[in-house]
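Below are the chains, spelled out letter by letter.
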Amino acid sequence: MSVEILQAKAVTKRFGGLVAVDRVDFTLREHEVAGIIGSNGAGKTTFFNLLTGMFAPDEGAILHKGEDITQMTPQQRVARGVTRTFQLTSTFDNLTVTNNLVLAYFRAHHKSSMWNLLFTRVKRFHDEPKILGILETFDLLTVRERMVKNLSLGEKRRLEIAMAVLAEPEVLLLDEPLAGLAESEIKGVLDVLRGQIGKQTILIVEHKISHIKDFVERLMVMHEGRVIAEGGYEECLNHPEVRRSYWQIDTDETANA
Ligand SMILES: Nc1ncnc2c1ncn2[C@@H]1O[C@H](COP(=O)(O)OP(=O)(O)OP(=O)(O)O)[C@@H](O)[C@H]1O
Ligand SMILES: [Mg+2]
């Protein structure tokens with residue numbers, strides 16, 4: 001069995017009287033691709049924020065490879081190399097795709113001087129195998145010299161995820177990476193994510209179960225702060241409590257019913 005990278009132990013988060021996350025246990029192992037689904041307000045993003053350190057839990061603990069990181073800030077977790085969310089990778093809209101990737105790469109791997117890079121040879125890094133590889137993997141080669149502000153939403157989303165991946169985090173956390181995208185763009189993003197399977201540990205939060213059906217190995221279904229099912233796709237979909245609470249989950253099956 002591979003290494004347990006992230007663990008949540010009975011974490012609870014309240015907002016006033018509302019229990020947004022209710023004693024959730026969760027384990028993410030190396031190179032696993034897991035998904036969290038659930039309807040609006042189920043607690044998915046809040047749970048995610050407990051993993052990234054955006055919120056501290058009211059109860060319970062978050063562990064990284066067995067070490068308690070519950071009190072660490074998001075910055076400390078990123079610096080430790082634990083997590084990276086694509087939302088945290090802000091792009092520079094007036095720079096090209098390649099220059100954004102170079103900056104993301106430099107920021108992650110040469111911690112000291114970004115100025116050094118800016119004043120010297122950004123161009124030199126254009127041919128860095130890592131940058132070329134990521135342009136290819138994320139299907140960005142044809143737009144490599146385009147300003148980010150001129151990208152389509154799908155291309156921009158792929159760039160954001162590419163920038164997160166360049167930092168080589170142990171866990172790539174994606175909260176609704178498909179939000180706002182057209183169907184054709186969704187396919188593009190899922191294709192590039194599929195290319196990360198086996199190389200990268202991924203936790204993806206998604207509304208539409210049908211989108212991540214062929215992508216995740218394991219699902220956790222949340223409802224009103226609690227985990228109501230965990231396991232494979234079919235197993236979760238057929239779980240009585242999921243069927244009861246979740247008729248509104250958007251699946252191909254229910255959409256066609
Ligand atoms: N910062 C906050 N302050 C107060 N209440 C919050 C806060 N963040 C979330 N909540 C509440 O906690 C509950 C869980 O919200 P959360 O955003 O985690 O759900 P979600 O599963 O991500 O939903 P969605 O699918 O809409 O993104 C909701 O009732 C929400 O209103
Ligand atoms: Mg959410």
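As a reminder, the structure under discussion sits directly above these lines.
The shown structure was predicted, so the numbers you read here are calculated from the model rather than taken from an experiment.

Caption draft 1: Focus on the overall build of the protein chain. Within the protein chain, the secondary structure is distributed over 11 helices and 10 strands. Residues counted as buried form 52% of the 257 residues belonging to the protein chain. Excluding contacts between residues fewer than 6 apart, the proportion of contacts in the protein chain whose partners are at least 24 apart in sequence is 65%. Surface summary for the protein chain: the accessible area is close to 12100 Å², and the carbon and sulfur share equals 50%.

Caption draft 2: Quick peek at the site of ligand 1. Around ligand 1, the structure places 13 residues, and the nearest of them are N40, G41, K44, T45 and T46. Separating an oxygen atom of ligand 1 from a side-chain N or O atom of T45 is a distance of 2.8 Å. Expressed as a share of its isolated accessible area of 640 Å², the protein-covered part of ligand 1 is 61%. Here the shell around ligand 1 takes three residues from helix α1 (residues 44-52), the largest share from any one element. Each residue belonging to the shell around ligand 1 can be placed in one class, and the counts come to four nonpolar, seven polar and two charged.

Caption draft 3: Spatial organisation of the nonpolar core. If you look at the biggest cluster of nonpolar residues, it comprises 48 residues, and the most contacted ones within it are L101 and I161. Residues lining this core come from more than one domain, with at least three contributed by each of domain 1 (1-81 + 170-257) and domain 2 (90-166). Residue contacts for I161: discarding those within four places in its chain leaves F86, F138, L172, L174, P177, V189 and L193. Of all hydrophobic cores here, the second largest spans 24 residues; its members include L6, L50, V205 and M220.

Caption draft 4: Local environment of the pattern of salt bridges. Across all of its chains, the model carries 15 salt bridges by this definition. Here R144 and E145 are joined by a salt bridge, their closest N and O atoms 3.9 Å apart. Given a relative accessible area of 23%, R144 falls into the partly exposed group. Salt-bridge contacts for R157 lead to E160; the nearest nitrogen and oxygen are separated by 3.5 Å. A residue pair is termed a helical-turn pair when its members lie 3 or 4 positions apart in one helix, as R157 and E160 do in helix α6 (residues 153-166) at three residues. Taking relative accessible area as the criterion, R157 reaches 11% and is therefore assigned buried. For E160, a relative accessible area of 14% gives the class buried. Within this structure, E32, R218 and E230 form a network of salt bridges that share partners.

What counts, and at which threshold
- Residues numbered from 1 in each chain as written.
- Chains lettered and ligands numbered in written order.
- Predicted model: local features only at pLDDT ≥ 70, side-chain atom pairs only at ≥ 80, totals over all residues.
- Heavy atoms only, no water.
- Helix = DSSP H or I, 4+ residues; strand = E, 2+ residues; numbered from the N terminus.
- Buried < 20%, exposed > 50% of the residue type's maximum accessible area, 1.4 Å probe, protein only.
- Contact = heavy atoms within 4.5 Å.
- Areas by Shrake-Rupley, 256 points an atom, 1.4 Å probe, with all protein chains shown as cover.
- Near = heavy atom within 4 Å.
- Polar contact = N/O pair within 3.5 Å; in protein donor to acceptor, adjacent residues only side chain to side chain.
- Nonpolar A, V, L, I, M, F, W, Y, C, P; charged D, E, K, R; others polar.
- Core = buried A, V, L, I, M, F, W, Y, C linked by side-chain atoms within 4.5 Å.
- Domains from an automatic or database assignment.
- Salt bridge = Lys/Arg side-chain N within 4 Å of Asp/Glu carboxyl O.

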